[in-house]
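Per-entry structural report
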Amino acid sequence: MLYAFICQDKEGTLEQRMEARPAHLERLNELKDQGRLILAGPHPAIDSEDPGTAGFTGSLVVAEFDSLEAAQAWADADPYNAAGVYESVTVKPFRKVLP
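How each quantity is defined
Residues numbered from 1 in each chain as written. Predicted model: local features only at pLDDT ≥ 70, side-chain atom pairs only at ≥ 80, totals over all residues. Heavy atoms only, no water. Salt bridge = Lys/Arg side-chain N within 4 Å of Asp/Glu carboxyl O. Buried < 20%, exposed > 50% of the residue type's maximum accessible area, 1.4 Å probe, protein only. Helix = DSSP H or I, 4+ residues; strand = E, 2+ residues; numbered from the N terminus. Phe/Tyr/Trp six-rings, centres within 6.5 Å; stacked < 30°, edge-to-face > 60°.

1. Points about the pattern of salt bridges
According to the stated counting rule, one finds two salt bridges in the structure shown. One salt bridge in this structure joins R17 and D9, with 2.9 Å as the shortest N-O distance. Judged on exposure class, the residue R17 and its partner D9 are both buried. Linking R27 and D78 is a salt bridge whose minimum nitrogen-to-oxygen distance equals 3.6 Å. One end of the pair, R27, is in helix 1 (residues 14-33); the other, D78, is in the loop between helix 2 (68-76) and helix 3 (79-82), and 51 residues separate them in sequence. Exposure class is identical for R27 and D78. Each is buried.

Set out below in structure tokens:
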């Protein structure tokens with residue numbers, strides 16, 4: 001089943017985000033290589049592809065997991081959590097309708 005990971009950043013954590021980004025991307029690339037990643041990306045803090053020092057307000061990931069528990073465990077192990085970037089992470093079942 002697909003699950004949506006709706007992640008909210010703590011304010012002022014851009015530096016921690018950038019330091020943890022390589023490890024975060026490595027995990028996402030593992031999902032991609034397994035054919036389980038539907039989409040992933042950050043929410044810029046301003047209306048810009050590259051928000052610069054304005055940073056990001058969070059992230060969205062949609063990926064396939066065997067269960068909600070497995071999806072939650074994957075989210076809990078995210079390097080952004082360990083780095084203190086995320087204020088909250090909500091994991092919800094997701095049903096893709098379009099496209």
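Moving on from the coordinates now.
2. A short note on the packing of aromatic side chains
On inspection of all chains with the given rule, the structure shows four aromatic pairs. Centroid distance F65 to W74: 5.7 Å. Interplanar angle 50 degrees. Geometry classified as tilted. For the pair F65 and W74, one class covers both residues: buried. Taken together, a centroid distance of 5.5 Å and an interplanar angle of 85 degrees make the contact between Y80 and Y86 edge-to-face. Judged by relative accessible area, which is 7%, Y86 ranks as buried. Taken together, the aromatic side chains of F5, F65 and W74 make up a single cluster linked through ring pairs.

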